[in-house]
Amino acid sequence: MGLGRDEMDKSVSEDFLRLKQQVVQFIEQDLEPVHLQVEESAEIPEHLVDKMRRLGLFGLSIPRDYGGLGLTTLEEILIYEEITKTNACFRSRIGTSNGIGSMGILYDGTEEQKRRYLPRVASGEWTAAFALTEPDAGSDAANISTQAVLDGDSWVLNGTKQFITNADTAQFFTTIAVTDETKGASGGVTAFIVERDAPGFVVGPADVKMGLKGSHTHELVFKDCRVPAENVIGGMARVGQGFKTAMRVLDKGRLSMGACAVGAAQKVLDLCVERVQRELASGMAKADLQAEMFALADMATQLYAARQMLYSTAIKKDEGRNVTQEASMTKIFCTEMASRIAGLAMDSFGEEGILTRSRIEIFLRDVRLYRIYEGTSEIQRIIVSRNLLKNSRSRA
Ligand code: COS
């Protein structure tokens, strides 16, 4: 059952449906057979990354003028939804680069920056990463302490970033740093492009995490790291405007997280349906499976609601409307829904589910991370409630 997907397929182009068909085929033929191997080795085989490049997956939402596929937000999340039905790290490998890693350049970069970076990201030649979080400022993004000081024709960066996805493969990092402590988020934070070979820039070892094993996060250290003056995203005119760039990027990233949660939840539901069908086929009476049947109904209902919310916010974004509030609500609802569904599935699968690296166990761990990545549920609640108060004040 489509649970809202089939209807959505009617509002996208024929070209997109052909691409989606190719992606589904790639998932079934190439990614699914190795999902467990990738979980165990925590590495994506390079030939699969090459195939992702050939399919154009590194440039999903990058405009055609810069070598990408130019998909709408809705189309992009439909692709992510499919990919996260298999091992979550596959989406992370492409989505972080095409998404939060490079979107700042697309939104606010100079034409020269767009021409240098976006085609290389779109082709998959270069991977992009997003460096905002720090040891003492993950959620409270305005209180980052990485400093950037202009010295002649270069900026000198000092500080540490933490939990940076794809830092092992990235050739450049959209890096958020303080350029004027007195102004904070309102004019004192700037977004930079830091290339991997910048002097004074070091990528630390990979973090050992509970989930998303094949997607690596690392610490970054900037020690008198020099980047050319022109590497401010948007040029010197946008010095001090980097907080807004980061927040806009995260609005989009939060929808991608919602899509990952919806894709994973759909797969978990499918596994649960198959399990009940197997029980029925083996002669078990429906009456004896009532608890499992009710759980299926609850999962399907929650998934349906989450998917409608996700698609409706994506469509609003594609219409050019501000979706800061909706993106946060969507992230809360979809990611918490996926955790609930994975929990219900674990109850249903019982001991079969708790085995290390059983399908359900992997999903249970992976979907938990979506509630944290790109702004925790608590941060999203702060954003939503502040917007509610602000809007009610402006109506008063
Ligand atoms: N889009 C564009 N501009 C935005 C914006 C958005 N979504 N959100 C805030 N801004 C702007 C504001 O309009 C304000 O502009 P002015 O200075 O011109 O008035 C400026 O940015 C500062 O905004 P605000 O005062 O709301 O900043 P806060 O420090 O209060 O922000 C939150 C608090 C919680 C919103 C912010 O710190 C946040 O989102 N943190 C989470 C970060 C995160 O997700 N981290 C995860 C790791 S990154 S993968």
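Reading guide: rules and limits
Residues numbered from 1 in each chain as written. Predicted model: local features only at pLDDT ≥ 70, side-chain atom pairs only at ≥ 80, totals over all residues. Heavy atoms only, no water. Buried < 20%, exposed > 50% of the residue type's maximum accessible area, 1.4 Å probe, protein only. Helix = DSSP H or I, 4+ residues; strand = E, 2+ residues; numbered from the N terminus. Arc of directions from axis to C-beta. Contact = heavy atoms within 4.5 Å. 1 Å grid on protein atoms, 1.4 Å probe; cavity = no way out; pocket = protein on both sides within 12 Å on 5 of 7 lines; lining within 4 Å. Points joined across faces, edges and corners; volume = space filled by probe spheres on them. Domains from an automatic or database assignment. Nonpolar A, V, L, I, M, F, W, Y, C, P; charged D, E, K, R; others polar. Buried area = accessible area lost by both parts, 1.4 Å probe. Phe/Tyr/Trp six-rings, centres within 6.5 Å; stacked < 30°, edge-to-face > 60°. Lys NZ or Arg CZ within 6 Å of the ring centre and 35° of its normal. Near = heavy atom within 4 Å. Polar contact = N/O pair within 3.5 Å; in protein donor to acceptor, adjacent residues only side chain to side chain. Areas by Shrake-Rupley, 256 points an atom, 1.4 Å probe, with all protein chains shown as cover. Sits in = over half its atoms within 2 Å of the grid points.

**Section: helix 4 (residues 46-55)**
Every buried residue of helix 4 is accounted for by Leu 48, Val 49, Met 52 and Leu 55. Axial view of helix 4: buried residues confined to an arc of 120°, hence all on one face. Exposed side of helix 4, more than 90 degrees from the buried face: His 47 and Arg 54 are the residues found there. Where helix 4 is buried, its residues contact helix 2 (14-31) and helix 6 (88-101). Gly 56, located one to two residues past helix 4, shows a positive phi value of around 85°.

**A few points about empty space enclosed by the protein**
Across all of its chains, the model carries three cavities of 30 Å³ or more by this definition. One number sums up the size of the largest cavity: a volume of about 60 Å³. Glu 76, Tyr 80, Arg 91, Gly 95, Thr 96, Gly 99, Ile 100, Lys 252, Gly 253, Ser 256 and Glu 374 together form the lining of the largest cavity. Going through the elements one at a time, helix 5 (73-83), helix 6 and helix 9 (242-281) are the ones with two or more residues in the lining of the largest cavity. Take the lining of the largest cavity: its biggest share by element is five residues, from helix 6. Shared between two domains, the lining of the largest cavity holds at least three residues of each, these being domain 1 (5-123) and domain 3 (244-395). Each pocket or cavity is described by its volume, and for the second largest cavity that value is around 40 Å³. Surrounding the second largest cavity, His 35, Thr 86, Asn 87, Ala 88, Arg 359, Ile 362, Phe 363 and Asp 366 form its lining. Its residues assigned to classes, the lining of the second largest cavity shows three nonpolar, three polar and two charged. Looking at which domains feed residues into the lining of the second largest cavity, each of domain 1 (5-123) and domain 3 (244-395) supplies at least three.

**A word on the domain arrangement of the protein**
Taken domain by domain, the protein consists of domain 1 (5-123), domain 2 (128-241) and domain 3 (244-395). For domain 1 versus domain 2, the separation of C-alpha centres amounts to 24 Å. Contact with domain 1, which involves 22 residues of that partner, is made by 22 residues of domain 2. Roughly 1,800 Å² is buried in total at the junction of domain 1 and domain 2, and carbon and sulfur atoms are behind 57% of that figure.

**Considering the packing of aromatic side chains**
Under the criterion given, the structure shown has six aromatic pairs. Considering the side-chain rings of Trp 155 and Phe 192, the 5.2 Å spacing of their centres and the 65° angle between planes classify their relative orientation as edge-to-face. Of this pair, Trp 155 sits in strand 3 (residues 154-165) while Phe 192 sits in strand 5 (residues 189-195); the two residues are 37 residues apart in sequence, bridging distant segments of the chain. Taking 5.2 Å as the distance between ring centres and 45° as the angle between the ring planes, the aromatic pair formed by Phe 201 and Phe 222 counts as tilted. Note that Phe 201 is positioned in strand 6 (residues 201-206) and Phe 222 in strand 7 (residues 217-228), a separation of 21 residues in sequence. For the pair formed by Phe 201 and Phe 222, the shared burial category is buried. Three or more aromatic residues link up through ring pairs in this structure, and these residues are Tyr 117, Trp 126 and Phe 172. The ring of Phe 58 is capped by Arg 53, whose NZ or CZ atom sits 5.9 Å from the centre of that ring. Between Arg 120 and the ring centre of Trp 126, over which it is positioned, the NZ or CZ distance is 4.7 Å.

**Observations concerning the site of the ligand**
Taken together, 22 residues lie around the ligand, and Ser 139, Ser 186, Lys 244, Arg 254 and Arg 386 are the ones closest in. A distance of 2.5 Å is found between an oxygen atom of the ligand and a side-chain nitrogen or oxygen belonging to Ser 186. In this structure, an oxygen atom belonging to the ligand sits 3.2 Å away from a main-chain N or O atom of Gly 375. A total of 1,000 Å² of accessible area belongs to the ligand in isolation, and the protein chains cover 71% of it. Put simply, the ligand lies in the largest pocket. The set of elements that each furnish at least two residues to the shell around the ligand consists of helix 9 and helix 14 (377-395). Of the residues forming the shell around the ligand, the biggest block, seven residues, is contributed by helix 9. Considering only residue class, the shell around the ligand consists of ten nonpolar, six polar and six charged. Structurally, the shell around the ligand is a two-domain feature, drawing no fewer than three residues from each of domain 2 (128-241) and domain 3 (244-395).

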